[in-house]
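Here are the chains, one letter per residue:
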Amino acid sequence: QVQLVESGGGLVQAGGSLRLSCAASGSILSINTMTWYRQALGKQRELVAQITDGGHTFYVESVKGRFTISRDDAKNTMFLQMNSLKPEDTGAYYCHAGIVSTVTKAYQNYWGQGTQVTVSS
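Below you will find a few notes about this structure. The shown structure was predicted, so the numbers you read here are calculated from the model rather than taken from an experiment. (Residues numbered from 1 in each chain as written. Predicted model: local features only at pLDDT ≥ 70, side-chain atom pairs only at ≥ 80, totals over all residues. Heavy atoms only, no water.)

**Details of the overall build of the protein chain**
No. 1: Each helix and strand counted, the protein chain has zero helices and eleven strands in total.
No. 2: In sequence order, the secondary structure elements of the protein chain are arranged as β-β-β-β-β-β-β-β-β-β-β.
No. 3: In terms of overall dimensions, the protein chain is globule-like: its C-alpha atoms have a radius of gyration of 14 Å, near the 14 Å expected for 121 residues.
No. 4: The principal-axis extent of the C-alpha atoms belonging to the protein chain is close to 45 × 25 × 25 Å.
No. 5: With 121 residues in all, the protein chain has 42% of them scored as buried.
No. 6: Surface summary for the protein chain: the accessible area is close to 6400 Å², and the carbon and sulfur share equals 49%.
No. 7: Of the side chains in the protein chain, 10 bear a positive and 8 a negative charge, and the two mean positions are spaced by 1 Å. (Helix = DSSP H or I, 4+ residues; strand = E, 2+ residues; numbered from the N terminus. Rg over C-alpha atoms; globule rule 2.2 N^0.38 Å. Buried < 20%, exposed > 50% of the residue type's maximum accessible area, 1.4 Å probe, protein only. Areas by Shrake-Rupley, 256 points an atom, 1.4 Å probe, with all protein chains shown as cover. Lys, Arg positive; Asp, Glu negative; His and termini not counted. Charge placed at Lys NZ, Arg CZ, Asp CG, Glu CD.)

In structure tokens, the structure reads:
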């Protein structure tokens, strides 16, 4: 069984910072690409930032220069450092990862349960 658990969300004023974490646990053989998504109330879920197992990163235009994605493969954990937060960054943030488990030896997609980020103006 593989699990992803996010943490680090909260309420912050505009201009502030938060650091999200996504910890993977369970029968993990390898973790491929890891991704942060967010979903604002009444809107579709959107990709925010992505990091490959080789360390290549991608950011949606609206967060470039403000957010930094990273991963610690020794701890099976991904991070999202969010600086200069804006009210439009408000939403539920979800982590996603492509993981090969030691049990199935097959690639599967996993999602975390989400963590709420609220930025007040």
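Moving on from the model shown.
**Notes on the pattern of salt bridges**
Two side chains that carry opposite charge are able to pair once their charged atoms sit near each other.
No. 1: Enumeration over the complete set of coordinates arrives at five salt bridges.
No. 2: Among the salt bridges present, the one from arginine 38 reaches glutamate 46, with a minimum N-O distance of 2.7 Å.
No. 3: A residue is classified by how much of its surface remains accessible, and arginine 38, at 6% relative accessible area, is buried.
No. 4: Take glutamate 46: its relative accessible area is 32%, and that puts it in the partly exposed class.
No. 5: A cluster of three or more residues bridged by salt bridges with shared partners is formed by Arg38, Glu46, Arg66 and Asp89. (Salt bridge = Lys/Arg side-chain N within 4 Å of Asp/Glu carboxyl O.)

**Overview of the nonpolar core**
Buried together is how nonpolar side chains tend to be arranged in soluble globular proteins.
No. 1: With 30 residues, the main nonpolar core has Trp36, Leu80, Met82, Tyr93 and Ile99 as its most contacted residues.
No. 2: Listed by contribution, the elements that provide at least two residues to this core are β1 (2-7), β3 (18-26), β4 (28-39), β5 (46-51), β7 (67-72), β8 (77-82), β9 (91-101) and β11 (115-120).
No. 3: With residues near it in sequence (within four places) discarded, isoleucine 99 still touches Val2, Leu4, Ala24, Ile28, Ser30, Ile31, Ala106, Tyr107, Gln108 and Tyr110. (Core = buried A, V, L, I, M, F, W, Y, C linked by side-chain atoms within 4.5 Å. Contact = heavy atoms within 4.5 Å.)

**Here we look at the side chain of threonine 35**
No. 1: Relative to the elements of secondary structure, threonine 35 occurs in strand β4.
No. 2: Residue class for threonine 35 comes out buried when judged on its relative accessible area of 2%.
No. 3: In this structure the side chain of threonine 35 is engaged in a polar contact, spanning 3.0 Å, whose partner is the side chain of glutamine 50.
No. 4: Setting aside chain neighbours within four positions, we find threonine 35 in contact with Leu47, Ala49, Gln50, Met78, Tyr94, Cys95 and His96. (Polar contact = N/O pair within 3.5 Å; in protein donor to acceptor, adjacent residues only side chain to side chain.)

**A word on the state of the cysteines**
No. 1: Summed over all chains, the structure comprises one disulfide.
No. 2: Disulfide pairing places cysteine 22 opposite cysteine 95 at an S-S distance of 2.1 Å. Torsion about the S-S bond of the cysteine 22 and cysteine 95 cystine: about 60 degrees, corresponding to right-handed handedness. With cysteine 22 in strand β3 and cysteine 95 in strand β9, the pair connects residues that are 73 residues apart, well separated along the chain. Residue cysteine 22 shares its accessibility class with cysteine 95, and that shared class is buried. (Disulfide = S-S within 2.5 Å.)

**Details of the sheet that holds β8**
No. 1: Pairing within the open sheet is antiparallel, and its four strands lie in the order β1-β3-β8-β7. Looking along the sheet, the strands with just one partner apiece sit at the ends: β1 and β7. Within the sheet, the average angular offset between the axes of one strand and its neighbour, ignoring direction, is 15 degrees. (Pairing = 2+ DSSP bridges. Axes fitted to C-alpha atoms, helices over the stretch in contact; angles between N-to-C directions.)

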